[in-house]
Structures are given as C-alpha cells and as structure tokens.
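Structural overview for review
What follows is each chain in one-letter form.
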Amino acid sequence: MISFIVHGGAWDIPDEMLDAHYQGVKNALEIGWHILSNGGSGVDAVEKAIRYLEDDPTFDAGRGSFVNALGEIELDASIMNGTSFRCGAIASVQNIRNPISLARLIMDKSEHVLITGMGAVRFALENGMQQCKSDDLLVGRELQRWKDLQGKSTFSTKDAFKKKLPSDTVGAIALDKNGIIVSGTSTGGTPNKYPGRVGDSPLIGCGTYADSSVGGVSCTGWGEAIIKVALAKTIVDQMEINGDDPEVAAKIGIDRLQKKADGFGGVIVLNKNGVPAVAFNTPRMARAYRTSEMTTDIVVV
Ligand code: ASP
C-alpha cells in the first residue's frame, strides 16, 4: 500500500478562488503520487508536493504568503519522518523561496529540530541554499491586504479566523513503499501577524506529526488554538491509544480544537495502513488524496 494526501488550507474559500485551489492541490497530489508510485521516498514526495504549493501564489506558503505587521514575509515549515523520528523545522524565516526544503535540510543535516530566523538562514547558506528577494515571495493580493489592514488596531489573528479570512497553509502526508509515514506543513502564518509570531505549522506535535507505527497528521487553521491542544499529536494519540480509525480520530481532534480552545481549522490524516481522513470546522477545505487501492484521485475544495 502506498498513499498520499495534500491540503491547501481550510477556510471560507470564495467561489472565484475555488478553481485555483482545486488545481493546486490536484497538481501537488500528482507530483507526490508520481514519486511514490515510482518507488520514491515519502520524504521526497512530501517535499516536492509542498514545494509546488509554495511556488503556487494561490496559497499562504512560500510565494503568496501573508505579510506581517512590519510589511515583511516570515515563513514557518516542518517535516517529520515517522520511522527515523527525525524532523526538521524553521520558524520566522525570511527570504527563503522553499521553506519546506530548508526544513528538510535541517532534518537531514542537523542535530536540531527547529531553527528560527537568522539562524535558519545561516544554516541554509552554509549548506548551499540561496536566499531569494522579498519580492520573489510577495504578490499584489497580499500587499493590498496588508495595506488595507494598517491602522486597524482591532485586528487580531483570532478575528481573522472568526471572520473566515484566508487560511491557506499547505501540507502533505505520504506512506511510501517501505511503510514510512512522512508529514510536512508550510505556511506564511496569519495576515498582519506580530513580527516573530510563530504558529502551529513548524511545531512538531502541533501542526505536523508522523509515527509510522500509527499514522501522520498535517494541520491548518488558527495556529494559537491548534498549539493549545497539540492537535497533530492528539490525533495520532487517538489512533494509537484509543485505536480509533483515522476519520474518528480526525473528528475528535477538530471537536477538541473547537471545544477547548474555541479554534477553527482542518486536518489531513493517514493511518499506518495509508487510510486517509479529513476533518474541518470551516466552510471549506482544499484537499486531494490517492491510495494504491483507488483507481482515481479524490480532489475536493
Ligand atoms: N496554522 C497557520 C498559522 O497559524 C495558518 C493557516 O493554517 O493558515 O500560522
């Protein structure tokens, strides 16, 4: 069994943006599936699919990310291998075109799990990864959103989610032919975020988790709430300790997010057998998946 699932955020995606979200997650699924079905690794499938979504300006990850209160783009990402239990993550990093690849570099070449800001850039440069220009990440839509938000002192991240503003973080989970589960997540965070603010996406156990003997999770939504309930690990624990199937575990996780932390968001899940599940408490969530037991892709926004 091989299996692959991707997401492109959970929010009230407007009708005019449905097609771009649909195409984005569809193409990312194809990239990951092509790698897995040719015997490639889950790490490669997750990294390459997320790189595609980071390069697609539709999503709040890499190019197209939200702008922080100082007018900068700060990126968060993480990746975890559920067999080796190695993981890599970056937070509040500027001028890196593909944050998921830097997270992977940290997983592959560092003894650390999470490196922030200038330290992560330094690690990238030391290992041959180039910096990009801020303009390589900035798109007109987000510059305009940032301008519109200036001077609105009442704006908060929680309001953004309550008002169903964009939440376009991306993520992927793979089960490869060697039975290895890999999860990854990448984001520009939230609109007009406080400089240095870090959400759930780069935090192992919150936005991302993988344990090949149980399953994997990637989250999207209001990061402050997701952190409080350690959503990704909570869902893996439901599968491991309660023996829940992935759909039940995903739903319990989202219910807990809402009840305990008043949170909004969505999750994708694979269990150790590659059975996929999705749960969200937002109007829409962009996702796509395929397993070797299916004859066609499922792509839904
Ligand atoms: N979870 C991300 C964060 O809070 C945002 C998102 O999913 O869109 O940084």
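Residues numbered from 1 in each chain as written. Predicted model: local features only at pLDDT ≥ 70, side-chain atom pairs only at ≥ 80, totals over all residues. Heavy atoms only, no water.

**A short note on the pattern of salt bridges**
With the rule as written, the count across this model stands at 14 salt bridges. Glu30 is the partner of Lys26 in a salt bridge, and the nearest nitrogen-oxygen pair spans 3.2 Å. With a gap of four residues between them, Lys26 and Glu30 both fall in helix 1 (residues 15-37), about one helical turn apart. For the salt bridge of Arg104 with Asp44, the shortest nitrogen-to-oxygen distance reads 2.6 Å. Taken as a pair, Arg104 in helix 3 (residues 99-109) and Asp44 in helix 2 (residues 42-55) lie far apart in primary sequence, 60 residues in all. (Salt bridge = Lys/Arg side-chain N within 4 Å of Asp/Glu carboxyl O. Helix = DSSP H or I, 4+ residues; strand = E, 2+ residues; numbered from the N terminus.)

**Digging into unusual backbone geometry**
For Ser92, which is not glycine, the phi dihedral falls at a positive 55°. Here Ser92 shows up in strand 3 (residues 87-93). Exposure remark for Ser92: the relative accessible area of 11% places this residue in the buried category. (Buried < 20%, exposed > 50% of the residue type's maximum accessible area, 1.4 Å probe, protein only.)

**Description of the site of the ligand**
For the ligand, the set of nearby residues contains 13 residues, the closest of which are Thr169, Arg197, Asp200, Thr220 and Gly221. A distance of 2.6 Å separates a nitrogen atom of the ligand from a polar side-chain atom of Asp200. A distance of 3.0 Å separates an oxygen atom of the ligand from a polar atom in the backbone of Gly223. Burial of the ligand by the protein amounts to 100% of the accessible area it has alone, namely 270 Å². Placement of the ligand is best described as lying within the largest cavity. Across the shell around the ligand, the residue classes break down as no nonpolar, ten polar and three charged. (Near = heavy atom within 4 Å. Polar contact = N/O pair within 3.5 Å; in protein donor to acceptor, adjacent residues only side chain to side chain. Areas by Shrake-Rupley, 256 points an atom, 1.4 Å probe, with all protein chains shown as cover. 1 Å grid on protein atoms, 1.4 Å probe; cavity = no way out; pocket = protein on both sides within 12 Å on 5 of 7 lines; lining within 4 Å. Sits in = over half its atoms within 2 Å of the grid points. Nonpolar A, V, L, I, M, F, W, Y, C, P; charged D, E, K, R; others polar.)

**As for helix 6 (residues 140-149)**
The set of residues buried in helix 6 consists of Glu142, Trp146 and Leu149. For helix 6, the arc enclosing every buried residue in end-on projection is 65°, short of the 170-degree limit, so these residues lie on one face. Remark: Gly151 follows helix 6 within two positions and exhibits a positive phi of approximately 85°. (Arc of directions from axis to C-beta.)

**Points about the sheet that holds strand 9 (residues 265-271)**
Pairing between the strands of a sheet comes from backbone hydrogen bonds, and it takes one of two forms, parallel or antiparallel. Taken in spatial order, the four strands of this open sheet run 7-8-9-10, and their pairing is antiparallel. Where the open sheet ends on each side, the last strands, each with one partner, are strand 7 (208-211) and strand 10 (276-280). Going across the sheet, the axis of each strand differs from the next one's by a mean of 10°, ignoring polarity. Of the pairings in the sheet, the one linking strand 7 to strand 8 (residues 215-221) comprises four bridges and is antiparallel in character. The residue bridging Thr208 from the neighbouring strand is Ser218, located in strand 8. Sitting on the sheet, helix 9 (residues 231-241) is in contact with strand 7, strand 8 and strand 9, with an inclination near 145° to strand 8. Together, strand 9 and strand 10 form the strand contacts of helix 10 (residues 246-261), whose direction differs from that of strand 9 by roughly 155°. (Pairing = 2+ DSSP bridges. Axes fitted to C-alpha atoms, helices over the stretch in contact; angles between N-to-C directions. Contact = heavy atoms within 4.5 Å.)

**Quick word on the state of the cysteines**
Scanning the entire structure with this criterion turns up zero disulfides. The cysteine Cys206 is free of any disulfide, with Cys219 supplying the nearest cysteine sulfur at 8.3 Å. Cys206 sits in the buried class, given a relative accessible area of 10%. (Disulfide = S-S within 2.5 Å.)

**Focus on the packing of helix 9 against helix 10**
Packing of helix 9 against helix 10 leaves a shortest axis separation of 9 Å and a crossing angle of 140°. By the angle between their axes, helix 9 is oblique relative to helix 10. The chirality of how helix 9 crosses helix 10 is right-handed. On the side of helix 9, the interface is formed by Leu231, Thr234, Ile235, Gln238 and Met239, while helix 10 contributes Pro246, Ala249, Ala250, Ile252, Gly253, Ile254, Arg256 and Leu257. Grouping the amino acids of the contact of helix 9 with helix 10 by side-chain chemistry returns nine nonpolar, three polar and one charged. (Parallel < 35°, antiparallel > 145°, perpendicular 65-115°, else oblique. Left-handed = near helix turned anticlockwise from the far one by under 90°.)

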